[in-house]
Amino acid sequence: MNQSTNSTMKRWTVARPGAQHLMLEQVPVPTPGEHEVLVRVDAVSLNYRDIGVIEGKELSAEMPFPITPGSDLAGHVVSTGSRVTRFREADTVLGTFWAGWIDGDWPAHARVLGGSLPGVLAQYVVLHEDWLVRAPRSLDAAQASTLPCAGLTAWFALVEQGGLHAGQTVLVQGTGGVALFGLQLARAHGAQVIVTSGSEDKRRRVLELGASHVIDRTVDVPWDVQVREYTGGRGVDHIFELVGGENLGASLRAIRQGGRISLIGVLGEYAMTFPSVPSFLTRPVIQGIGVGHRRALEALVRAVDAVALQPVIDASYDFDRVPEAFEHLKRGAFGKIVVKVS
Ligand SMILES: NC(=O)c1ccc[n+]([C@@H]2O[C@H](COP(=O)([O-])OP(=O)(O)OC[C@H]3O[C@@H](n4cnc5c(N)ncnc54)[C@H](OP(=O)(O)O)[C@@H]3O)[C@@H](O)[C@H]2O)c1
């Protein structure tokens, strides 16, 4: 039997581009169709991408305003459509970042929640049963909500595509959500981690999380030169390119011969440029990463339970404080910013 719900709920929408236009509205609780699930949202984690969506600058967003932002939820099943087979009432679930990418190659019909489809910053959402996975047993909802985008991106880059193994060295740029998942997953696999950061306090905190070396990216010595010195000239095995622009050139100078650079982020610039000749000799594998598919998220959930990985949450905000949560994200978070919904 399905739990009953109140007939109305609250959800955040942005009427036109700009965080100042975020507003909380009261709308009817949606009803699931045959293959759909009504989910009570317990927590939503925010991503750098969401800022672009609410400012109307995110290239992958296709929804006209007004839109509800947010792609990453943890919640529990309230009721299911008549033909749903994957979930039952009270199951704890995570949404998948991509609606419709189950496994294998990325399908052109896949869409992102909170940009190409309505987002999840709401008390209830209705999602197709294929767009959900079981939540990890070992995490609460706030922690679990960090996995669908930031966690999966790091997992896809290092494990699903990257063949990470013990003894390797991984470099991550900055101390945001993707970077710290990269740090934690690399450590869990027996790899060493170098972190670049512009903040003295954050550099101290990543050492506590197990980084073997930190680099101040604001000093005059370029960070790739510091990496070469630290690795005895060899370079590192994996790099998360999170900044874009000419920073990719530094990544190509810091990678070891045949190492792997994951093109992930655009914290600095959308375009990426690099000098060609050094890379002819370094022979890097350059892989684009677009978060990842549902099968990999299920693998990540199992791994999180197996190694008791605790995602790093910088701050949690109550549902009525979403604008403050976005301001914090814009200032630069250490790990993740989470909105507690229920
Ligand atoms: N392709 C994909 O699948 C995918 C998936 C997820 C995210 N992304 C992208 O990856 C990037 C990171 O996402 P995120 O959610 O982890 O971001 P985030 O949590 O907002 O990361 C912010 C942190 O990055 C560092 N940072 C900010 N600007 C920087 C700059 N110009 N140069 C170097 N470091 C800078 C700062 O760390 P310090 O203060 O320590 O320096 C800051 O605290 C974003 O561009 C996002 O859109 C892509």
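Residues numbered from 1 in each chain as written. Predicted model: local features only at pLDDT ≥ 70, side-chain atom pairs only at ≥ 80, totals over all residues. Heavy atoms only, no water.

Draft legend 1. Structural context of the side chain of His238. Position of His238 among the secondary structure elements: in strand S13 (residues 236–241). A distance of 2.9 Å separates polar atoms of two side chains, one belonging to His238 and the other to Gln168. Residues within four places of His238 in sequence aside, it is in contact with Leu158, Gly162, Leu164, Gln168, Thr169, Val170, Leu171, Ile255 and Arg260. (Helix = DSSP H or I, 4+ residues; strand = E, 2+ residues; numbered from the N terminus. Polar contact = N/O pair within 3.5 Å; in protein donor to acceptor, adjacent residues only side chain to side chain. Contact = heavy atoms within 4.5 Å.)

Draft legend 2. Region of interest: the pattern of salt bridges. Considering all chains together, one arrives at 20 salt bridges under this definition. Close ionic contact of Lys57 with Glu55 constitutes a salt bridge, the shortest N to O distance being 3.5 Å. Classification of Lys57 as exposed rests on a relative accessible area of 55%. Close ionic contact of Arg321 with Glu324 constitutes a salt bridge, the shortest N to O distance being 2.9 Å. A cluster of three or more residues bridged by salt bridges with shared partners is formed by Arg86, Asp130, Arg294 and Glu298. (Salt bridge = Lys/Arg side-chain N within 4 Å of Asp/Glu carboxyl O. Buried < 20%, exposed > 50% of the residue type's maximum accessible area, 1.4 Å probe, protein only.)

Draft legend 3. Spotlight on the pairing of strand S5 (residues 92–95). Bridge count for strand S4 (residues 72–80) against S5 is 3 bridges, and the pairing is antiparallel. Bridging from a neighbouring strand, Gly75 pairs with Val93 of S5. Here S5 runs beside strand S9 (residues 132–134); their pairing, made up of 3 bridges, is antiparallel. Bridge pairing in S9 links Val93 to Arg134. (Pairing = 2+ DSSP bridges.)

Draft legend 4. Spatial organisation of the packing of helix H6 (residues 223–230) against helix H7 (residues 247–254). Between H6 and H7, the least distance of the axes is 8 Å, while the angle of their chain directions is 15°. By the angle class used here, H6 and H7 are roughly parallel. Remark: the crossing between H6 and H7 carries right-handed chirality. In this structure, H6 contributes Trp223, Asp224, Val227 and Arg228 to the contact, and H7 contributes Asn247, Ala250, Ser251, Arg253 and Ala254. (Axes fitted to C-alpha atoms, helices over the stretch in contact; angles between N-to-C directions. Parallel < 35°, antiparallel > 145°, perpendicular 65-115°, else oblique. Left-handed = near helix turned anticlockwise from the far one by under 90°.)

Draft legend 5. A look at the domain arrangement of the protein chain. The assigned domain composition of the protein chain is domain 1 (8–149 + 293–340) and domain 2 (162–288). Distance from the C-alpha centre of domain 1 to the C-alpha centre of domain 2: 28 Å. Each partner contributes to the interface: domain 1 provides 18 residues, whereas domain 2 provides 15 residues. Carbon and sulfur atoms make up 71% of the surface buried where domain 1 meets domain 2, a total of about 1,300 Å² over both sides. (Domains from an automatic or database assignment. Buried area = accessible area lost by both parts, 1.4 Å probe.)

Draft legend 6. Seen up close, the packing of aromatic side chains. Throughout the structure, instances matching the rule amount to 5 aromatic pairs. A centroid spacing of 5.7 Å and a plane angle of 85° characterise the contact between Phe97 and Trp98, whose relative ring orientation is edge-to-face. Residues Phe97 and Trp98 agree in their burial class; the two are buried. Aromatic side chains Trp101 and Phe156 sit 5.8 Å apart centroid to centroid with 55° between the ring planes, which places their arrangement in the tilted category. Of the two residues, Trp101 sits in the loop between strand S6 (98–99) and strand S7 (111–112) while Phe156 sits in helix H3 (residues 147–160), which places them 55 residues apart along the sequence. Among the aromatic side chains, those forming a connected cluster through ring pairs are Phe97, Trp98, Trp101, Trp106 and Phe156. Over the ring of Tyr124 we find Arg40, and its NZ or CZ is 5.1 Å from the ring centre. Positioned above the aromatic ring of Phe334, the side-chain terminus of Arg205 is 4.1 Å from the ring centre. (Phe/Tyr/Trp six-rings, centres within 6.5 Å; stacked < 30°, edge-to-face > 60°. Lys NZ or Arg CZ within 6 Å of the ring centre and 35° of its normal.)

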